[in-house]
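# Per-entry structural report
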Amino acid sequence: MPQPRPFKQVDVFSQVPFMGNPLAVVLGADGLDGAQMQAIARWTGLSETTFVLAPRDPAADYRVRIFSPEMEFPFAGHPTLGTAHALLDAGMQPKGARIVQECGVGLVHIERQAGGMLAFQAPPCTARALDPALLPLLQAALDGMPATGGVVVEMGIRWLCVPLTDAAACLAVRADIAALTALLAACRADGLALYGAHSAGGPADYEVRALLSEHGALVEDPVTGSANACIAHLLAGADYRVRQGTCLQRDGRVAVSFRAGHAWIGGACLTVVDGSILA
């Protein structure tokens, strides 16, 4: 029989309600099977829904499973921060100084930072350059916007990361969905992550957009932790800040920092729905 389970919806990568990327979090999800979790994720209709479970690894504070309406992911960025926020909001006391999340890629470390910010340490990744033979398809996917290449970075989810000349070029892209679908299939990537630098004094250091093809339809993700973590692998060096979601009338903000060879992806989170779900 269904039972009430604590449920929250969290706005991730924003200090202003409804301007970031929403996440549904089902707390106390032990006893639900994968099919039930997938059905709930399909019902919420959000880009991701997470399910909090008792950890299997004694070093972890909790285990999480992450579902889109269509499939399960071993890792995703905004669900990592949003789930940690939801648990802290519900009174969780981490075992140590850092929060430790167990998920499909292993253990992910999360820090609490000044001003209530959270940041996760980007998991290990692999990278491969886009096959030059696919450059014409990339140009077609960008509807003619100039691009000289890209890198597929895999971090549990695979993003084709493509630098553009500047932030204005990034914002101007109107993707061709047929070419984008073919490009992502050809390079075995889950989505296209575009980035371009803002001029000095701009709203951030970089503008980022994350584009996906879902059932042949173009979908833009408002603010994307995993895509920013993959881009950080390519931009490793000085700390920087990102704006994402502008074309969707959102105002997502991501802080990227580097310590001891690791990228940390941070942002603010807000609880906007707090209640229970029968599941």
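Summarised in this report is the structure supplied together with it. Values in this document were obtained by computation on a predicted structure and should not be read as measured data.

Reading the values: rules and limits
Residues numbered from 1 in each chain as written. Predicted model: local features only at pLDDT ≥ 70, side-chain atom pairs only at ≥ 80, totals over all residues. Heavy atoms only, no water. Disulfide = S-S within 2.5 Å. Buried < 20%, exposed > 50% of the residue type's maximum accessible area, 1.4 Å probe, protein only. Salt bridge = Lys/Arg side-chain N within 4 Å of Asp/Glu carboxyl O. Helix = DSSP H or I, 4+ residues; strand = E, 2+ residues; numbered from the N terminus. Arc of directions from axis to C-beta. Polar contact = N/O pair within 3.5 Å; in protein donor to acceptor, adjacent residues only side chain to side chain.

Considering all chains together, one arrives at zero disulfides under this definition. Just so you know, C125 is unpaired, no disulfide at all, and the nearest cysteine sulfur is the one on C230, 6.4 Å from it. Residue C230 stays outside any disulfide, its sulfur separated by 5.1 Å from that of C161, the closest cysteine. Relative accessible area serves as the criterion here: at 0%, C230 is assigned to the buried category.

Looking now at the pattern of salt bridges. Counted according to the given criterion, the structure contains ten salt bridges. R98 serves as the salt-bridge partner of E111, at 3.1 Å between the closest nitrogen and oxygen. Here R98 lies in the loop between helix 2 (77-89) and strand 6 (99-103) and E111 lies in strand 7 (residues 106-112), a separation of 13 residues in the sequence. The class of E111 is buried, set by a relative accessible area of 14%. With a shortest N-O distance of 2.8 Å, R243 and E207 are connected by a salt bridge. On the criterion of sequence distance, the pair formed by R243 in strand 15 (residues 240-244) and E207 in strand 13 (residues 206-214) is long-range, its members being 36 residues apart. Per residue, the accessibility class of R243 equals that of E207, and both read buried. Residues joined by salt bridges that share partners form a network here, namely K8, D89 and D274.

Attention now moves to helix 1 (residues 34-44). Listed in full, the buried residues belonging to helix 1 are M37, Q38, I40, A41 and T44. Relative to the axis of helix 1, the buried residues are bounded by an arc of 160 degrees and lie together on one face. In helix 1, those exposed residues whose orientation departs by more than 90 degrees from the buried face are A35 and W43. The opening residue of helix 1, the one whose side-chain oxygen lies 3.2 Å from the backbone nitrogen of A35, is D33. Backbone geometry just downstream of helix 1 places G45 in the positive-phi region, at approximately 75 degrees.

If you check the backbone angles, F18 has positive phi at about 75 degrees while not being a glycine. Inspection of the secondary structure assignment puts F18 in the loop between strand 1 (4-12) and strand 2 (21-26). Relative accessible area serves as the criterion here: at 62%, F18 is assigned to the exposed category. Within the chain, A260 stands out as a residue other than glycine whose phi angle is a positive 50 degrees. Secondary-structure assignment places A260 in the loop between strand 16 (252-259) and strand 17 (262-267).

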